[in-house]
Amino acid sequence: TLADCVPTLRHYWDHRVAFQEGLALLSAALRSQAARADPRLEASLLGGMAHLEYRMDRYAAAEASATRGLAPARAARDHGSQALCLQVLGTCCYRQGRYGEARRYFRQALRQAKADNDPRKAAVMLYNEAVVEKATGRYEEALRLFVESLAQYRRLGDVAGEALCLNSLGSLHLDRAEHEAAGTHLRAGLAVCDRHGLAGPRVYVLSNLAEHALKTGDDEASLAHAQRAIEIAEAAGNRV
């Protein structure tokens, strides 16, 4: 039961940017007798910790927790925790410019998500691979993967995933100087965040809206978006 609760709590901490709170609780749980006795629970807790450490830009700690979590996850044949640990390793590599490693980890994680019959995790992996393709200039492939991921999130009713995809589509169009399309996606993403109280995705949407406003000559709006984004990022301890 505890292991099954961790993903729900992790999503809550993630989207409400309560990273410190989540990490403290997961760390305490990991020290418990229950975690020592159950590889599946240990793997779930370590995967959750790794994810939150990544979100706080603690890449060395996140990679260590994810690597540590893979062993009990494999022992328990827990595909979900394996997928999460591989995802964290991929995201840490991505943030540090190790794009080839990131792509390999995301593809491994996608295989684990499919083995777990988890369409949401599969959508996450499609999104993550799209981010790598965008970073390496493969825009058409990135666009295809973002659109596929967005469709999957919408089928699942996953509003946080929908907001992140809309933000990334907006960012991709910004990179290609397609400002009208960028604005459409970013405003749609902000509307989803505002409607559902998603603080985590909102900080990225606001950052891109600030860039969009700057590039389209609306300095006042750019400043307002940037100030809102900074407030959320500072509250969350999100240095990136």
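(A) Inspection of the environment of Gly183 at higher detail. Residue position: Gly183 is located in helix α11 (residues 179–196). For Gly183, a relative accessible area of 0% puts it in the buried group.

(B) Up close: helix α9 (residues 139–156). Its 18 residues give α9 an end-to-end C-alpha distance of 26 Å, which sits within 8% of 26 Å, the value for a rise of 1.5 Å per residue. Along α9, the positions that sit buried rather than exposed are Ala142, Leu145, Phe146, Ser149, Leu150, Gln152 and Tyr153. Taken down its axis, α9 places every buried residue within 165° of arc, on the same side. Within α9, the exposed residues directed more than 90 degrees away from the buried face are Glu140 and Arg155. Where α9 is buried, its residues contact α8 (119–135) and α10 (159–175). Where α9 terminates, the next one or two residues include Gly157, which has phi positive at roughly 70°.

How each quantity is defined
- Every chain begins its residue count from 1, and numbering advances along the sequence as written.
- Only residues with pLDDT of at least 70 are given local features in this predicted model, and only at 80 or more are side-chain atom pairs given and counted; all residues enter the totals for whole chains, interfaces and linings.
- Values reported for side chains reflect all heavy atoms of the structure, with hydrogen atoms and water molecules removed beforehand.
- Secondary structure counts use DSSP, requiring at least four H or I residues in a row for a helix and at least two E residues in a row for a strand, with both numbered from the N terminus.
- Relative accessible area decides the class of each residue, using a 1.4 Å probe on protein chains only: under 20% of the type maximum gives buried, over 50% gives exposed, and in between gives partly exposed.
- Expected span, for any helix, means 1.5 Å times one less than how many residues it has.
- What the arc describes is the spread of directions from the helix axis to the C-beta atoms.
- When checking whether two residues touch, look at their non-hydrogen atoms; a contact exists if any pair is within 4.5 Å.

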